[in-house]
Amino acid sequence: ELTNDIYAAKNDFIIKNRLVSLKTKFQQVDIFKTLPDFHGITHKTHVKSLSNDGSYESRNKELFMANKEVYLDGDVQSSSYGEVQYHEALVHPAMITHPN
């Protein structure tokens, strides 16, 4: 099982919330909602970004949004922050080979 301590040690994220943790017949599935541990993002700045008080955080919500990560048997499978890079890697080969 991927505990919060193991998760925090493996990643540069502050755990916000474990959304799902279940054991299927085939694998352990864990989904975490996290805050990145960089650029001064804290739980306080994340919460402030959810308000509409006119602050920098509330006007730039995308800089303070939480991440979701899916783990299978303790290995990351998907991340909302890594979604763009994942899809670009799928799309570019097809775009390059298309005739127009």
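Thresholds applied
- Residues numbered from 1 in each chain as written.
- Predicted model: local features only at pLDDT ≥ 70, side-chain atom pairs only at ≥ 80, totals over all residues.
- Heavy atoms only, no water.
- Helix = DSSP H or I, 4+ residues; strand = E, 2+ residues; numbered from the N terminus.
- Salt bridge = Lys/Arg side-chain N within 4 Å of Asp/Glu carboxyl O.
- Buried < 20%, exposed > 50% of the residue type's maximum accessible area, 1.4 Å probe, protein only.
- Phe/Tyr/Trp six-rings, centres within 6.5 Å; stacked < 30°, edge-to-face > 60°.
- Pairing = 2+ DSSP bridges.
- pLDDT = per-residue confidence, 0-100.

Quick notes on unusual backbone geometry
Comment: phi is negative for the bulk of residues other than glycine, and the bulk of peptide bonds are trans. Even without a glycine there, the phi angle at aspartate 73 is positive, about 50°. Structurally, the position occupied by aspartate 73 is in the loop between β3 (67–72) and β4 (75–79).

Quick notes on the pattern of salt bridges
Pairs may arise between side chains of opposite charge once their charged atoms sit close together. Tallied over the full model, the rule gives one salt bridge. Between arginine 18 and aspartate 30 there is a salt bridge, with the nearest N and O atoms lying 3.0 Å from each other. Placement of the pair is arginine 18 in strand β1 (residues 13–23) and aspartate 30 in strand β2 (residues 28–36), with a sequence separation of 12 residues. On the accessibility criterion, arginine 18 (25% relative accessible area) is partly exposed.

A few points about the packing of aromatic side chains
In total, this model carries two aromatic pairs according to the counting rule given. With 5.9 Å between their ring centres and 90° between their planes, phenylalanine 32 and tyrosine 71 make a pair best called edge-to-face. Taken together, the positions of phenylalanine 32 in strand β2 and tyrosine 71 in strand β3 put the pair 39 residues apart, joining distant regions of the chain. There is no split in this pair, since phenylalanine 32 and tyrosine 71 are both buried. Note on tyrosine 56 and phenylalanine 64: the rings are 6.1 Å apart at their centroids and 90° apart in plane angle, and the pair reads as edge-to-face.

Focus on the pairing of β3
Because side chains alternate across β3, one face comprises the buried residues Asn67, Glu69 and Tyr71, and the other comprises Lys68, Val70 and Leu72, none of which is buried. Two elements, β3 and β4, share four bridges in a ladder whose sense is antiparallel. Residue tyrosine 71 lies in a different strand from β4, and its bridge partner there is valine 76. Counted along the chain from β3 to the antiparallel partner β4, the turn is two residues long, and its residue aspartate 73 has a positive phi close to 50°.

Things to note about the confidence of the model for the protein
With 79% of its residues at a pLDDT of at least 70, the protein reaches an overall mean of 79. Averaged pLDDT values for the elements of the protein fall to 52 in helix α1 (residues 4–10) and rise to 90 in helix α3 (residues 56–59).

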